[in-house]
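Below, each chain spelled out in residue letters.
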Amino acid sequence: MIYDIELETMPREELEAIQLRRLKTTLERVYFTVPFYNKKFKDAGILPGDIKSLEDLKFIPFTTKQDLRDNYPYGMFAVPMDNVVRIHASSGTTGTPTVVGYTSRDIDTWAELMARSLAAGGASRGDIIHNAYGYGLFTGGLGVHYGAEKLGASVIPVSGGNSKRQIIIMKDFGPTVLTATPSYILHLAEVAEEMGFSFEDFKFKCGIFGAEPWSENMRREIERKLHISAIDIYGLSEVIGPGVAVECREAKNGLHIAEDHFIPEIINPETGEVLPDGETGELVFTSITKEAFPIIRYRTRDVTSLDRTPCVCGRSLVRMKKVKGRTDDMLIIRGVNVFPSQIESVLMKVDGIEPHYQLVVDREDKLDKLTVMVEVGERLFSDEVKRLQTLEKKISNDIKEYLGISAKVKLVEPKRIVRSQGKAVRVIDNREI
Ligand code: DLL
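The rules behind each value
Residues numbered from 1 in each chain as written. Predicted model: local features only at pLDDT ≥ 70, side-chain atom pairs only at ≥ 80, totals over all residues. Heavy atoms only, no water. Axes fitted to C-alpha atoms, helices over the stretch in contact; angles between N-to-C directions. Helix = DSSP H or I, 4+ residues; strand = E, 2+ residues; numbered from the N terminus. Parallel < 35°, antiparallel > 145°, perpendicular 65-115°, else oblique. Contact = heavy atoms within 4.5 Å. Near = heavy atom within 4 Å. Polar contact = N/O pair within 3.5 Å; in protein donor to acceptor, adjacent residues only side chain to side chain. Areas by Shrake-Rupley, 256 points an atom, 1.4 Å probe, with all protein chains shown as cover. Pairing = 2+ DSSP bridges. Salt bridge = Lys/Arg side-chain N within 4 Å of Asp/Glu carboxyl O. Buried < 20%, exposed > 50% of the residue type's maximum accessible area, 1.4 Å probe, protein only.

Caption draft 1: Seen up close, the packing of helix H2 (residues 12–33) against helix H3 (residues 35–43). Between H2 and H3, whose axes approach to 5 Å, the crossing angle comes to 105°. Between H2 and H3, the interaxial angle falls into the category roughly perpendicular. Contact with H2, carried on its side by Leu 27, Val 30, Tyr 31 and Thr 33, involves Pro 35, Tyr 37, Asn 38, Phe 41 and Lys 42 of H3 and no other residues of that element.

Here is the structure:
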């Protein structure tokens, strides 16, 4: 279902006219209200009025995660604290967290975008949404929550954790839509099985999963195990939270970006040059409606490409490909670039392998060594050692063949890899660089 038929299917010329008008207003506002942007524009010799077309956006300097850290906690806010009604923060694996704020209009916008996203995935009024994204500073829980209410669905604010209780709720409350990170969903599927349930016993019809990269093969695995349609949702705290982009259930081929609120660009991460549609690079966003925390040309570090060709669902909004990974998660193994999701894709094709894996990177004699730890099912693990070794060799060959990198594969017993209730930790980097 299309939640906002007018905005989501608007002819592109109309959409671009709205974008330009909103962009100009935003630039004007940040120039006069956020000292960071004022200095940045001045240093670059640019005035907001110099930006006359959407193409001119490329003349404005980028904003990076480091800039947000330097202005911790509230330095990037464009409104007085009196007007801020909500604060979230991204935990980040290292360093200072990034703090973001919302006015009450920002919260409305976000709820609207999340209502659109849930609808695009197949939810509607009358559905019961089991929301297992974490509630708290993380934007997943409350983001989905407000969107679900806006849509008119019933939301169960179960949050992450307490997995056995989650299964009881699934059984007793009859939820029809599932929201969580894909890795936590797979963990919940295991817990259900241990408790003697199958997802076939539940009423779920679809799941809207995101907050971490997951491959097309992982989607198939989830759809098969859970007997549902699995949809990818993307977002980041700095831009608004979940709901920046979402797949439509009709195509499941690229995530429609809410372009009436955010302008995407793809750049070459090395040179900063803007790349044409279809080319893969780093995703950059400019918000054009946010009040409390506007963000200009923010470098997300997420790697993807854009596709403006028409989609079968009727939405005119540009699609971004499923995110491959983050530039800072990219492994360079003897000169070859590889993302964890590409390895996941190879692993998920192998029979008897479980969707739980971790990549360990070490440096020996100045060379990067990659070890892929992956779980096998109970039956296979109790098999003879020789069979396991043969399988390890086969997977290692597959990785070499598909991705061109050498990796040591280590099959481990079921449940050996730590389960997460939120984003999975896929890479353990032991290199001291
Ligand atoms: O993860 C917001 C979110 C919550 C999105 C729930 C979807 C569902 P952050 O914690 O700020 O916000 O992390 C943002 O997570 O830059 C990506 O690297 C990654 N990410 C988010 N969604 C996806 C996705 C939330 N669908 C960072 N595929 C982003 C791949 C994703 N990576």
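Past the structure itself, the notes keep going.
Caption draft 2: Here's a closer look at the site of the ligand. The environment of the ligand is formed by 21 residues, the closest being Asp 232, Ile 233, Ser 237, Asp 302 and Lys 423. Interatomic distance of 3.1 Å between a backbone N/O atom of Ala 211 and a nitrogen atom of the ligand. One of the backbone nitrogen or oxygen atoms of Glu 212 is found 3.2 Å away from a nitrogen atom of the ligand. With the chains in place, 94% of the 610 Å² that the ligand exposes on its own is no longer accessible.

Caption draft 3: Broad picture of the sheet that holds strand E11 (residues 281–287). Here we have four strands laid out as an open sheet, ordered E10-E11-E12-E15, and antiparallel in their pairing. In this open sheet, the two edge strands, each paired with only one partner strand, are strand E10 (262–267) and strand E15 (325–326). The sheet contact formed by E10 and E11 spans six bridges and is antiparallel. The residue of E11 that forms the bridge with Ile 267 is Glu 282.

Caption draft 4: The arrangement of the pattern of salt bridges in detail. The tally for this structure, following the rule as stated, stands at 35 salt bridges. The partner of Arg 105 in a salt bridge is Glu 291, and the shortest N-O contact between them spans 3.3 Å. Taken as a pair, Arg 105 in helix H5 (residues 104–121) and Glu 291 in the loop between E11 and strand E12 (298–304) lie far apart in primary sequence, 186 residues in all. Of the charged contacts, one joins Asp 302 and Arg 326 as a salt bridge, the two residues approaching to 3.5 Å between their closest N and O atoms. Here Arg 326 lies in strand E15 and Asp 302 lies in strand E12, a separation of 24 residues in the sequence. Classification of Asp 302 by relative accessible area gives buried; the value is 7%.

Caption draft 5: Main features of the sheet that holds strand E4 (residues 154–156). If you trace the nine strands from one edge of the open sheet to the other, you get E4-E3-E5-E6-E7-E8-E9-E14-E13, paired in mixed fashion. Among the strands making up the open sheet, the edge pair consists of E4 and strand E13 (306–307). In this structure, strand E6 (residues 206–210) lies alongside strand E7 (residues 229–236), joined through five bridges in parallel fashion. Along E7, the bridge assignment pairs Ile 208 with Ile 231.

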